[in-house]
Amino acid sequence: MAKDYGGVRAVHGIDLEIADGEFVVLVGPSGCGKSTTLRMIAGLEDISSGRISIGDREVNDLPARERGISMVFQNYALYPHLSVFENMAFGLSLGRTPKDEIERRVREAARILDIEGLLERKPRALSGGQRQRVAMGRAIVRHPQAFLFDEPLSNLDAELRTQMRSEIKRVHQRVGTTTIYVTHDQVEAMTLADRVVVMRDGRIEQVAPPQELYSHP
Ligand code: ADP
Ligand code: ADP
């Protein structure tokens with residue numbers, strides 16, 4: 001697939017197949033097209049040419065909310081006036097999910113994320129790491145086919161970043177949901193990925209498991 005911005009090709013020839021349950025990290029310097037690629041998969045950005053399929057469904061013409069994927073952003077705003085429970089339930093409560101099912105899913109996600117004791121709190125009474133977990137909880141309760149992360153840790157300090165990195169890995173091991181994760185941080189890519197996709201200048205430069213990556217001089 002490819003993406004042009006006003007006649008300028010930002011991303012080209014991305015040809016990538018991701019297995020069910022796989023954790024794939026797109027890594028590369030700022031401006032290389034990681035975020036654009038992720039946003040095309042999410043349906044937040046029109047694709048200029050090519051095709052995107054999720055499972056056995058081609059999704060090019062489907063709006064973001066019908067693609068069965070959840071995106072976790074760097075600066076996800078939690079609703080300040082809602083409790084943690086309500087923040088996590090919010091997306092589902094707009095849909096047709098029955099109330100007891102919403103409750104079950106929120107409690108299940110809270111258990112996975114170890115935030116069961118925080119469900120009644122407001123976001124302002126949470127630490128940075130706890131907010132990050134709530135944001136992940138919002139994605140988990142939707143039971144998506146895939147999670148997409150766009151630099152979720154880049155605003156956190158080093159200690160919290162390391163902590164959340166293992167948290168994300170742990171959650172992936174528990175729920176097994178296919179994950180596509182964007183970062184400019186090579187250490188993050190190496191620690192998290194089953195497969196690393198190295199991008200440069202809008203193209204894929206190499207795709208390999210972390211231990212098989214070669215580095216350019
Ligand atoms: P990365 O996520 O790797 O930092 P991006 O996908 O954000 O890279 O950007 C890839 C290229 O596309 C860059 O050259 C960027 O300037 C350009 N670009 C991104 N978004 C837009 C936009 N909305 N309009 C025009 N150019 C854009
Ligand atoms: P702590 O209480 O753990 O020090 P704070 O809530 O004071 O955490 O936030 C510390 C820093 O992390 C602040 O700069 C804040 O903007 C940032 N931050 C907090 N929550 C998030 C989040 N969910 N995503 C990204 N950055 C966050």
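Criteria and thresholds
Residues numbered from 1 in each chain as written. Chains lettered and ligands numbered in written order. Predicted model: local features only at pLDDT ≥ 70, side-chain atom pairs only at ≥ 80, totals over all residues. Heavy atoms only, no water. Phe/Tyr/Trp six-rings, centres within 6.5 Å; stacked < 30°, edge-to-face > 60°. Lys NZ or Arg CZ within 6 Å of the ring centre and 35° of its normal. Helix = DSSP H or I, 4+ residues; strand = E, 2+ residues; numbered from the N terminus. Polar contact = N/O pair within 3.5 Å; in protein donor to acceptor, adjacent residues only side chain to side chain. Contact = heavy atoms within 4.5 Å. Salt bridge = Lys/Arg side-chain N within 4 Å of Asp/Glu carboxyl O. Buried < 20%, exposed > 50% of the residue type's maximum accessible area, 1.4 Å probe, protein only. pLDDT = per-residue confidence, 0-100. Near = heavy atom within 4 Å. Nonpolar A, V, L, I, M, F, W, Y, C, P; charged D, E, K, R; others polar.

This brings us to the packing of aromatic side chains. Enumeration according to the criterion identifies four aromatic pairs in this entry. Members of the aromatic cluster, joined through ring pairs, are Phe-23, Phe-147, Phe-149 and Tyr-181. The lysine or arginine in question, Lys-169, covers the ring of Phe-23, its NZ or CZ lying 5.6 Å from the ring centre.

Moving on: the side chain of Thr-178. Note that Thr-178 resides in strand β8 (residues 178–183). One polar contact links the side chain of Thr-178 to the main-chain amide nitrogen of Gly-21, over a distance of 2.7 Å. Thr-178 has contacts with Ile-18, Ala-19, Asp-20, Gly-21, Glu-22, Gln-145, Ala-146 and Phe-147, leaving out every residue within four places of it along the chain.

Where charged atoms from two side chains of opposite charge approach closely, those side chains can pair. Using the criterion set out here, one finds twelve salt bridges in the structure. The residue Glu-167 makes a salt bridge to Arg-133 at a minimum N-O spacing of 3.7 Å. Taken together, the positions of Glu-167 in helix α5 (residues 158–175) and Arg-133 in helix α4 (residues 128–140) put the pair 34 residues apart, joining distant regions of the chain. In this structure, Glu-167 and Arg-133 share a single accessibility class: buried. The network of salt bridges with shared partners includes Lys-3, Arg-39 and Glu-45.

Per-residue pLDDT for the protein chain has a mean of 91; in total, 98% of the residues score no lower than 70. Per-element confidence in the protein chain is highest for strand β3 (residues 23–27), whose mean pLDDT is 97, and lowest for strand β6 (residues 69–72), whose mean pLDDT is 88. On the interface metric, ipTM, the complex scores 0.65, and its pTM is 0.84.

This next bit is on the site of ligand 1. Residues in close proximity to ligand 1 include Tyr-5, Ala-10, Pro-29, Ser-30, Gly-31, Cys-32, Gly-33, Lys-34, Ser-35 and Thr-36, which together make up its full environment. In this structure, an oxygen atom belonging to ligand 1 sits 2.7 Å away from a main-chain N or O atom of Gly-31. One of the side-chain N or O atoms of Thr-36 is found 2.5 Å from an oxygen atom in ligand 1. Examining the composition of the shell around ligand 1, we find that three residues originate from one element, helix α1 (residues 34–42), more than from any other. For the shell around ligand 1, the per-class residue count stands at four nonpolar, five polar and one charged.

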